[in-house]
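Residue-level structural notes
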Amino acid sequence: MKKIALITCLLVTLCSLPFVLNGCDARQNLTEYKIDCTFNDNTLTGKQTVSFYNDTDVVFEELKFNLFGNAFRKDAKYKPISPQYEANAYPNGLSYGEMKVNAVRVGGKQVEFNIQGEDMNVLYVPLSKDVYPDESVTVEIDFWLKLANVVARTGYNEHTINLGNFYPI
């Protein structure tokens, strides 16, 4: 009886091996972010490497990244804090932050980029060649983020530093 149980376990393990290995291959086909940052005096300097994998049916000529850190700019069109909540969110008075992109490289080569969008919150990165389905491209972004003194997703206050959406997404 023990031999039959052992043989059954071995067969189940061997039969499931292709499914496990296939699942491991699928994990290689993901977009991956690697971010290296330095934080000092409520500012963050970062270098981000994005290995973008096209898992869609669309051909990409450019990639777009949301710059959520620009929501806290002084001249932001769409303020992240509603006027009725400003007193609680800004306990030390109104404070502003911002995000700047210093350089962008695609495949290791510097490219000209644009920051657009209704609120200057979208980074447009042209690709050196089209990225077809099941292809990849590597994009490096050097950025700088100044945090506002605000109790919100991206900011600092007396007790915490909040870094929600702190990088180009």
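Described below are features of the structure shown in this document. Please read all numbers here as calculations on a predicted model, not as lab measurements.

Reading the values: rules and limits
Within any chain, residue numbers begin from 1 and follow the written order of that chain's sequence. Residue-level local features of this predicted model are given only where pLDDT is at least 70; pairs of side-chain atoms are given and counted only at 80 or more, and the full residue set underlies all totals for whole chains, interfaces and linings. No hydrogens and no water enter the side-chain calculation; it runs on all heavy atoms of the structure. Patches in this entry comprise residues that are over 30% relatively accessible and not in a salt bridge; like charges within 9 Å are linked, as are nonpolar side chains (Val, Leu, Ile, Met, Phe, Trp, Tyr) within 5 Å. Per-residue accessibility takes into account occlusion by the displayed protein chains alone, with areas from the Shrake-Rupley method and a 1.4 Å probe. Salt bridges are counted wherever a side-chain nitrogen of Lys or Arg sits within 4 Å of a carboxyl oxygen of Asp or Glu. Strands are runs of DSSP state E lasting at least 2 residues, helices are runs of H or I lasting at least 4, and numbering of each runs from the N terminus. Two strands form a pair only when DSSP identifies at least two bridges running between them. We define the nonpolar core as a collection of buried residues of types Ala, Val, Leu, Ile, Met, Phe, Trp, Tyr and Cys that are connected through side-chain atoms lying within 4.5 Å of one another. For each residue, the accessible area found with a 1.4 Å probe, counting protein chains only, is set against the maximum for its type, and the residue is called buried under 20%, exposed over 50%, and partly exposed in between. Residues count as neighbours in contact if any of their non-hydrogen atoms are within 4.5 Å of one another. In the analysis that follows, any N or O atom pair within 3.5 Å is treated as a polar contact, provided that within protein one partner can donate a hydrogen and the other can accept it, and provided that, for residues neighboring in sequence, both atoms belong to side chains. Each Phe, Tyr or Trp ring, with Trp reduced to its six-membered ring, pairs with another whose centre is within 6.5 Å; inter-plane angles below 30 degrees give stacked pairs, above 60 give edge-to-face pairs, and intermediate values give tilted ones.

1. A word on a nonpolar patch on the surface
Where nonpolar side chains cluster on the molecular surface, the patch consists of Tyr33, Ile35 and Ile169 and spans about 210 Å² of accessible area. Inspection of the secondary structure assignment puts Ile169 in the segment after strand 10 (161-163).

2. Remarks on the pairing of strand 1 (residues 32-40)
Judged from the 9 bridges that link them, strand 1 and strand 2 (residues 43-53) form a sheet pairing that is antiparallel. If you follow Asp36 over to strand 2, its bridge partner there is Lys47.

3. Looking at the nonpolar core
Of all hydrophobic cores here, the largest spans 22 residues; its most connected members are Phe65, Val104, Leu123, Val125, Val137, Val139 and Ile141. Only strand 2, strand 3 (60-66), strand 4 (98-106), strand 7 (122-131) and strand 8 (136-146) provide two or more residues apiece to this core. Excluding its chain neighbours within four sequence positions, the residues that come into contact with Val104 are Lys109, Gln110, Val111, Phe113, Leu123, Val125, Val139, Glu140 and Ile141. Core analysis: the second largest hydrophobic core is formed by 8 residues, Ile81, Tyr90, Ala148 and Val150 among them.

4. Side note on the environment of Tyr124
Note that Tyr124 resides in strand 7. Considered as a pair, Tyr124 and Phe65 are 59 residues apart in the sequence and their alpha carbons are 6.7 Å apart. Those residues in contact with Tyr124, other than ones at most four positions away along the chain, are Glu62, Leu63, Lys64, Phe113, Asn114 and Gln116.

5. Overview of the side chain of Arg73
Inspection of the secondary structure puts Arg73 in the loop between strand 3 and helix 2 (86-89). A polar side-chain atom of Arg73 sits 2.7 Å from the main-chain carbonyl oxygen of Asp119. When sequence neighbours within four positions are dropped, the list of residues in contact with Arg73 reads Lys79, Tyr96, Gly97, Glu98, Asp119 and Met120.

6. Brief notes about the packing of aromatic side chains
Two measures describe an aromatic ring pair: the distance that separates the ring centres and the angle between the ring planes. Summed over the entire model, instances satisfying the criterion amount to 3 aromatic pairs. With centroids separated by 5.6 Å and ring planes inclined at 65°, the aromatic side chains of Tyr33 and Tyr167 adopt a geometry described as edge-to-face. Note that Tyr33 is positioned in strand 1 and Tyr167 in the segment after strand 10, a separation of 134 residues in sequence. For Tyr167, a relative accessible area of 22% corresponds to the partly exposed category. Note on Phe166 and Tyr167: the rings are 5.2 Å apart at their centroids and 75° apart in plane angle, and the pair reads as edge-to-face. For Phe166, a relative accessible area of 15% corresponds to the buried category. Each member of the aromatic cluster is reached from another via a ring pair, and the members are Tyr33, Phe166 and Tyr167.

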